[in-house]
Amino acid sequence: MGSRRIEFVIAENPPKRLDKAVSRDVPEEASLSRTRLARLIEEGALTVDGAVVQDAKARVEAGALIAIAVEEAEDSHIGPEDIPLEIVYEDDDLIVINKPAGMVVHPAPGSPSGTLVNALLHHFGGNLSGVGGVKRPGIVHRIDKETSGLLVVAKSDAAHQGLAAQFEKHTVERYYQAVCYGVPDGNDPRLRGVKGASFEPGNILKLTTQLARHKTDRQRQAVLFQGGRHAVTRARICESFGNPPSAALIECWLETGRTHQIRVHMAHAGHGLIGDPTYGGRRKLAAKALSPAAQAAVQAFPRQALHAAVLGFDHPVTGEALRFEAPLPQDMAGLLAVLRQ
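Analysis parameters
Residues numbered from 1 in each chain as written. Predicted model: local features only at pLDDT ≥ 70, side-chain atom pairs only at ≥ 80, totals over all residues. Heavy atoms only, no water. Helix = DSSP H or I, 4+ residues; strand = E, 2+ residues; numbered from the N terminus. Buried < 20%, exposed > 50% of the residue type's maximum accessible area, 1.4 Å probe, protein only. Contact = heavy atoms within 4.5 Å. Areas by Shrake-Rupley, 256 points an atom, 1.4 Å probe, with all protein chains shown as cover. Phe/Tyr/Trp six-rings, centres within 6.5 Å; stacked < 30°, edge-to-face > 60°. Core = buried A, V, L, I, M, F, W, Y, C linked by side-chain atoms within 4.5 Å. Axes fitted to C-alpha atoms, helices over the stretch in contact; angles between N-to-C directions. Parallel < 35°, antiparallel > 145°, perpendicular 65-115°, else oblique. Left-handed = near helix turned anticlockwise from the far one by under 90°. Nonpolar A, V, L, I, M, F, W, Y, C, P; charged D, E, K, R; others polar. Arc of directions from axis to C-beta. Pairing = 2+ DSSP bridges.

(A) Expanded view of the overall build of the chain. The secondary structure content of the chain amounts to 8 helices and 18 strands. Once the C-alpha set of the chain is aligned to its principal axes, its extents read approximately 80 × 45 × 40 Å. Sorting the 341 residues of the chain into buried and exposed places 47% on the buried side. Counting contacts in the chain only where the partners sit at least 6 residues apart, residues at least 24 apart contribute 63% of the total. As displayed, the chain has an accessible area near 16,600 Å², and 48% of this comes from carbon and sulfur atoms.

(B) Structural context of the packing of aromatic side chains. Scanning the entire structure with this criterion turns up 3 aromatic pairs. Taken together, a centroid distance of 5.4 Å and an interplanar angle of 40 degrees make the contact between Tyr-175 and Trp-253 tilted. Linking Tyr-175 in strand E11 (residues 173–181) with Trp-253 in strand E16 (residues 247–254), this pair joins segments that are 78 residues apart in sequence. Aromatic side chains Phe-313 and Phe-324 sit 6.1 Å apart centroid to centroid with 45 degrees between the ring planes, which places their arrangement in the tilted category. Of the two residues, Phe-313 is situated in strand E17 (residues 306–314) and Phe-324 in strand E18 (residues 321–325); the sequence distance between them amounts to 11 residues.

(C) Summary view of the nonpolar core. With 34 residues, the main nonpolar core has Leu-116, Tyr-176, Ile-250, Ile-262 and Met-266 as its most contacted residues. Per element, the largest residue contribution to this core is 5 residues, and it comes from helix H3 (residues 116–124). Apart from residues no more than four positions distant in its own chain, Tyr-176 is found in contact with Ile-143, Ile-250, Glu-251, Cys-252, Leu-254, Ile-262, Leu-306, His-307, Ala-308 and Ala-309. Core analysis: the next-biggest nonpolar cluster, separate from the first, contains 22 residues, Phe-8, Ile-10, Ala-58 and Ala-64 among them.

(D) Molecular detail of the side chain of Gln-261. Topologically, Gln-261 is positioned in helix H6 (residues 261–268). Non-local contacts of Gln-261, meaning those with residues more than four positions away in its chain, are made with Leu-211, Ala-231, Val-232, Thr-233, Leu-254 and Thr-256.

(E) Structural detail: the packing of helix H1 (residues 18–25) against helix H2 (residues 34–42). Relative to each other, H1 and H2 sit at 130 degrees, their axes nearing to 10 Å. Taken as axis vectors, H1 and H2 run oblique relative to one another. Judged by the twist between their axes, the crossing of H1 over H2 is right-handed. Seen from H1, the contacting residues are Leu-18, Asp-19, Val-22 and Ser-23; seen from H2, they are Arg-34, Leu-37 and Ile-41. In terms of residue class, the contact of H1 with H2 is made up of 4 nonpolar, 1 polar and 2 charged.

(F) Focus on the packing of helix H7 (residues 292–300) against helix H8 (residues 330–339). Two elements in contact, H7 and H8, have axes whose closest approach is 8 Å; the angle formed by their N-to-C orientations is 150 degrees. When the axes of H7 and H8 are compared, the pair comes out roughly antiparallel. Read as a crossing pair, H7 and H8 show a hand that is left-handed. In contact with Ala-293, Ala-294, Ala-297 and Val-298 of H7, H8 contributes Leu-335, Val-338 and Leu-339. For the contact of H7 with H8, a count of residues per class yields 7 nonpolar, no polar and no charged.

(G) Broad picture of H2. Looking only at H2, the buried set comprises Arg-36, Leu-37, Leu-40 and Ile-41. Here the buried residues of H2 occupy an arc of 140 degrees about the axis, which is enough to place them on one side. Structural note: H2 exposes Thr-35 and Glu-42 on the side pointing more than 90 degrees away from its buried face. Considering only its buried residues, H2 is in contact with H1, strand E2 (46–48), strand E4 (65–71) and helix H4 (157–168). Within two residues after H2, Gly-44 carries a phi angle of roughly 80 degrees, on the positive side.

(H) A look at the pairing of strand E7 (residues 94–99). For E7, the tally of buried residues reaches 6 of 6 residues, placing the bulk of the element in the interior. What you see with E7 is no split at all: Leu-94, Val-96 and Asn-98 on one side and Ile-95, Ile-97 and Lys-99 on the other are buried throughout. As paired elements, strand E6 (residues 87–90) and E7 share 3 bridges and run antiparallel to each other. For Ile-87, the partnering residue across the bridge sits in E7 and is Ile-97.

(I) Structural detail: the pairing of E17. With 8 of 9 residues buried, E17 lies mostly within the body of the structure. Of the pairings in the sheet, the one linking strand E10 (residues 148–154) to E17 comprises 2 bridges and is parallel in character. Opposite Gly-149, over in E17, you have Ala-308 as the bridge partner. As defined by bridge partners, E11 adjoins E17 across 6 bridges and the pair is classed as antiparallel. Paired with Arg-174 across the strands is Leu-311, a residue of E17. The pairing of E17 with E18 spans 5 bridges and is antiparallel. Along E18, the bridge assignment pairs Phe-313 with Leu-322.

Structure (structure tokens):
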């Protein structure tokens, strides 16, 4: 495997720790994230004035010459597969995909192939700088297999670091469209009595709980109010269907990004998503609330009716504000068309 040598001098007033000083002063074109730099220090790939230093907490002075030996990215163990992709945007640092329902994002024991990562490796055709020393796409967020919509993937260490920081700070704009049972209206006294539910101006439902893996069903998430991870979801009604109203198109947005967050939160509120096999998306509706065709469409919908419609973030390298929208896929658009009849 080939390698490259990166040299630079520590500037004035460096941070006290070597890793922080190196992270501050390493040239941007090196495309080395803080995580990768920490690993390189630990592996003995960094020298200070010619001496190997493996202590990330070591002191370093201004004017010190830093040299880092960086091995070129190795090929990923994941195989490329020729799977069609709907590419919304792409440049040297990142790619935005409109993922179809049914596609897993990353290979796992139950889904070793046919994933988005397999498809991306084929699409890049080896033209990938690599993340963490491996030629692989940088997955900074995921959407469930049966959820459709927008996903951004890093193509370089610099992009991976910058995107991950934005997701960690919750500055990424993410809006989802979903079709749920019932209508999550602030005038519903039942909903106002749900623990963790509140309403903000504009009839916006806010759900604030903790989420953790279910104690007995490892495929599910559970709502908690002690322990777990903090989770906040907001939702507003876009359109309601039926007489009396029995289903709604809602727009949801995330303050946090937890596994199954929208699905488990809406189920907790009593407004589970139509078609959701994990959180009870097979509810019997009042016989005359919807037309027979709409009733049949609701019962037959094969997946959770959830679509990642809007994705906005600052480009991690150029700083440009980017915002993308993906229209509803055919199955959800068809469901709405029948519900509107």
